[in-house]
Every structure is written in structure tokens, then in C-alpha cells.
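# Report on the structure
The lines below spell out each chain.
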Amino acid sequence: MAANHTTDGSKDWALNTNGGSKDNISLVVCFGEMLIDFVPTVAGVSLAEAPAFKKAPGGAPANVAVCISRLGGSSAFIGKLGDDDFGYMLADILKQNNVNHSGIRFDPSARTALAFVTLRADGEREFLFFRHPSADMLLRESELDMNLLKQARIFHYGSISLIAEPCRSAHLAAMRIAKSSGSILSYDPNLRLALWPSPENAREGIMSIWEQADVIKISEEEITFLTGGDDPNDDNVVLKKLFHPNLKLLIVTEGSEGCRYYTKEFKGRVGGVKVKPVDTTGAGDAFVGGILSSLASDLSLLKDEERLRDALLFANACGAVTVTERGAIPALPTKEAVLKLLGKAPA
């Protein structure tokens, strides 16, 4: 990948057709959905009660790609958008954030996905998705950017792209290509039950690719769901039911409390970084962006507990910075903002 310097001094990442150069040795390729979240202009109301909505770019894999770039890393996004104004707006947001967008395809027959999202007064998030089908569900294996996949040091994905064909087959093919090219596979299930035909289907779909991942990030709620109601705080539950022989790192996020980590050699907990939260949207994706940016530049962290703990504290701080502003992509942190927050944090 070559960096084309724009007049404002930023880098506009573009692929080299010769298979890349040393510039992209730490490239993280994110695969899946990018969509528009419509969030109420008033906090603490149901979707039906909301007087108006503001559009915000979203989609977990795209958020992670933008976060890595904001932190100074090299990232790319592969997915499909509608051949519509929203689709081109989203592609432009990736471009503005120096994310390689050569893997994006545009579908003339389907719209860009939309989601209406609100945080009700009782603290529960409410989702209403418009995907009948949306463009992201229609990415085909033949449309994959092979060159980009083969350059990935880390290939990151969620589970929403597993719900429907042809995207499911494209997802599985992308994993195979990346793995055979030596990529680390990173998985954040990012459970959205409303999108799956049934809870059983969701559990089966999420677990169908579980044992192929090298790095998995999961929330406490997702542990309870995937294990059929077991205690997410019980190390034995995590190690017996969710840790698998191929796994290099399993991370359990605990929101503002921080995270737990498990490898074959060690396990432990890293506390959160305290801030006053405004909007938790995108915090998990910022955490993933934080840890993947560290791993992309130095995979040996996986074998060194002290340095891994430092990287996880940095990832916790990425999530903390994000909750201090509204929206996902607009609130994603820069490296300077994270280091500034950590400088103020108690040792």
C-alpha cells in the first residue's frame, strides 16, 4: 500500500497493484457491514416517542477500521453499500479517515442498510433495522478484493455477515484466503438478535466459525447467551465452553469496569479508565480498534503478559474516550486523546 500525501498533510491510502509494499506490513482488514444509524435527537426515549433523528455512520467492522486509522495504524474495509447517496456518503467517510476503501462494492439493486437506534430511559438499547435485503447482505465471493485480503496482517470480522447468503459464503471465503496468506483472524460476534431468524439460529451461526479465530472479543451478555445462561464471571465457564485450542487470545469486555483476558499461558483482568459517559455507542468497537492496532504493530504481545496488559489498558482507554462524545465514528479516539486520558488516570 502506498501513502499519497494530500495537501493537508494527511495520508490517502491506496493499494499498490504489485501486491503491496512494506508500508502495509501491519494492515488490518475489516470485513462486514457499514450502515447508517439514525439516533433520536432527544435522549432516553423509545423509537416511537422520538421527535426527530440524526444520521450517524455505523457498522461495527467499519467503526473498527476507522478507529485503527485514527490511532495511526493501517486499515482497510471490505463490504458492500447501496449505489445511493447514503452508500457514497459512507465510502467518503472511510476515505476522509484514511481507511483503504478499495474493497468496497456498490449494489445497484439494493439500498444501503439503515438502523434506528435509541437508548431508552430504562437503559435498554432498542434497534429497528431496514434490510430487505440491504446491500451489505449481497456481497459475493467473486467481488472480494483478493489482493487486499492477502495483505492483511489481521483480518477482523463480526457475525452479522454470516446471517444471509450470498454474504455468508463471501465471508467464509475471505476468512480462508486471509488465513492461508498468514493473517491472524480476529472475531467480535457483536450479537444483534433482532437480525437473526431465531436465537437458536444466532447461537449456531456465531459458533459455526468460533474455532477458526485466533483472537476473540466477547461481552458478558454474549457469554450468557452463547453458553445458554451460564455465569459470565466464572472463569471455568469461559475456559471450558468458549476457549478453544487454536485461540491465542480471548477477551471479555466488562464495559466501564475494564476487561478480562485469557491465553493458553495466563489470564487476568485489566481495570477500566473512569470517565463521565455521554453515549456508549461505538465503545466496544473502539476497544477492538485499540487492541488490534497494538497487535498489528507487534504480535509478540500475545506471549508477554505485562505488555499485553499495557495494550489492553490502552484499548480500555480507547473505549473510555469514545463514550465521552455522541455517535460512534465521530467519537472514535486519536492516539493523542488516549495517551492524554491515560496520563491523568491513576497508575
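Residues numbered from 1 in each chain as written. Predicted model: local features only at pLDDT ≥ 70, side-chain atom pairs only at ≥ 80, totals over all residues. Heavy atoms only, no water.

## Considerations on the overall build of the protein
Helices and strands together make up the secondary structure of the protein, namely 10 helices and 15 strands. Here the C-alpha atoms of the protein give a radius of gyration of 19 Å, agreeing with the 20 Å that 2.2 N^0.38 yields for 347 residues. For the protein, restricting intrachain contacts to residue pairs at least 6 apart in sequence, the fraction spanning at least 24 positions comes to 68%. Summed over all atoms, the accessible surface of the protein reaches about 15,000 Å², with 52% contributed by carbon and sulfur. (Helix = DSSP H or I, 4+ residues; strand = E, 2+ residues; numbered from the N terminus. Rg over C-alpha atoms; globule rule 2.2 N^0.38 Å. Contact = heavy atoms within 4.5 Å. Areas by Shrake-Rupley, 256 points an atom, 1.4 Å probe, with all protein chains shown as cover.)

## Description of the packing of aromatic side chains
Applying the stated rule across the entire model yields 11 aromatic pairs. Judged by centre distance (5.5 Å) and plane angle (5 degrees), the rings of Phe127 and Phe129 are stacked. The partly exposed category is assigned to Phe127, whose relative accessible area is 26%. The ring of Phe225 carries the charged tip of Arg203 above its face, separated from the ring centre by 4.4 Å. (Phe/Tyr/Trp six-rings, centres within 6.5 Å; stacked < 30°, edge-to-face > 60°. Buried < 20%, exposed > 50% of the residue type's maximum accessible area, 1.4 Å probe, protein only. Lys NZ or Arg CZ within 6 Å of the ring centre and 35° of its normal.)

## Quick look at helix H5 (residues 199-207)
Spacing of three or four residues puts side chains on the same side of an α-helix, whose turn is 3.6 residues. Regarding H5, the residues found buried are Ala202, Gly205 and Ile206. In an axial view of H5, the angular spread of the buried residues amounts to 95 degrees, which keeps them on one side of the axis. For H5, the exposed residues set more than 90 degrees away from the buried face come down to Glu200 and Glu204. (Arc of directions from axis to C-beta.)

## Re the pattern of salt bridges
Applying the stated criterion across every chain, the model contains 15 salt bridges. Notably, a salt bridge pairs Arg260 with Glu254, separated by 2.7 Å at the nearest N-O pair. Summarising the burial analysis for this pair, Arg260 and Glu254 share the class buried. Here Asp298 and Arg307 are joined by a salt bridge, their closest N and O atoms 2.1 Å apart. (Salt bridge = Lys/Arg side-chain N within 4 Å of Asp/Glu carboxyl O.)

## A closer look at the packing of helix H1 (residues 60-70) against helix H8 (residues 283-297)
Relative to each other, H1 and H8 sit at 50 degrees, their axes nearing to 8 Å. As judged from the angle between their axes, H1 and H8 are oblique. Our pair here, H1 against H8, has a crossing hand that is right-handed. Listed contacts from H8 to Ala60, Asn63, Val64, Cys67 and Ile68 of H1 are Asp285, Ala286, Val288, Gly289, Gly290, Leu292 and Ser293. (Axes fitted to C-alpha atoms, helices over the stretch in contact; angles between N-to-C directions. Parallel < 35°, antiparallel > 145°, perpendicular 65-115°, else oblique. Left-handed = near helix turned anticlockwise from the far one by under 90°.)

## Quick notes on the pairing of strand E7 (residues 100-107)
When strand E6 (residues 75-82) meets E7, the two strands line up parallel, connected through 6 bridges. Paired with Gly79 across the bridge in E7 is Ile104. (Pairing = 2+ DSSP bridges.)

## Some words on the pairing of strand E8 (residues 114-119)
Counting buried residues in E8 gives 5 out of 6 residues, a clear majority hidden from the surface. Note: strand E4 (residues 35-40) against E8, 3 bridges, orientation parallel. Looking across to E8, one finds that Asp37 is bridged to Ala115. Bridge count between E8 and strand E9 (residues 125-130): 6 bridges; the pairing is antiparallel.

## Looking at the nonpolar core
Core analysis: the biggest nonpolar cluster contains 55 residues, and Met34, Phe77, Phe287, Ile291, Leu292, Leu295 and Leu312 have the highest contact counts within it. Ranked by residues supplied to this core, first place goes to helix H9 (residues 305-322) with 9 residues. Counting 50 residues, the second largest nonpolar core, distinct from the first, contains Val29, Ala202, Ile206 and Leu242. (Core = buried A, V, L, I, M, F, W, Y, C linked by side-chain atoms within 4.5 Å.)

## Here's the deal with the sheet that holds E8
Reading across from one edge, E5-E4-E8-E9 is the order of the 4 strands in this open sheet, with mixed pairing throughout. The two strands at the open ends of the sheet, each matched to only one other strand, are strand E5 (53-58) and E9. Ignoring strand direction, the axes of neighbouring strands in this sheet form an average angle of 25 degrees. In the packing of helix H2 (residues 85-96) onto the sheet, contacts are made with E4, E5 and E8, and the angle to E4 comes to roughly 95 degrees.

## Here's the deal with the packing of H8 against H9
When two helices pack together, you describe them by how their axes are tilted relative to each other and by the distance separating the axes. Relative orientation of the contacting elements H8 and H9 amounts to 145 degrees, with a least axis distance of 7 Å. Seen from above, H8 lies across H9 with right-handed handedness. Where H8 abuts H9, its residues Ala283, Ala286, Phe287, Gly290, Ile291, Ser293 and Ser294 lie against Leu308, Ala311, Leu312, Phe314, Ala315, Asn316, Cys318, Gly319 and Thr322. Its residues assigned to classes, the contact of H8 with H9 shows 10 nonpolar, 6 polar and no charged. (Nonpolar A, V, L, I, M, F, W, Y, C, P; charged D, E, K, R; others polar.)

## Thoughts on the environment of Thr322
If you trace the backbone, Thr322 turns up in helix H9. Distance from Thr322 to Ala121, taken between C-alpha atoms, is 21 Å for residues 201 residues apart in sequence. Residues within four places of Thr322 in sequence aside, it is in contact with Asp279, Thr281, Gly282, Ala283, Ala286, Ala328, Ala331, Leu332 and Pro333. Only 2.9 Å separates the side chain of Thr322 from the backbone oxygen of Cys318, close enough to count as a polar contact. (Polar contact = N/O pair within 3.5 Å; in protein donor to acceptor, adjacent residues only side chain to side chain.)

## Some points on unusual backbone geometry
Put simply, His132 and Pro133 share a cis peptide bond, and its omega is -15 degrees. Residue position: Pro133 is located in the loop between E9 and helix H3 (146-151). Put simply, Glu165 and Pro166 share a cis peptide bond, and its omega is 5 degrees. In this fold, Pro166 is placed in the loop between strand E10 (154-157) and helix H4 (167-180). Here the phi dihedral of Asn98 falls at roughly 60 degrees; this positive angle occurs in a residue that is not glycine. Since its relative accessible area comes to 17%, Asn98 is described here as buried. Look at Asn190: it is not a glycine, yet its phi comes out positive at around 50 degrees. Considering the arrangement of structural elements, one finds Asn190 in the loop between strand E11 (184-187) and H5.

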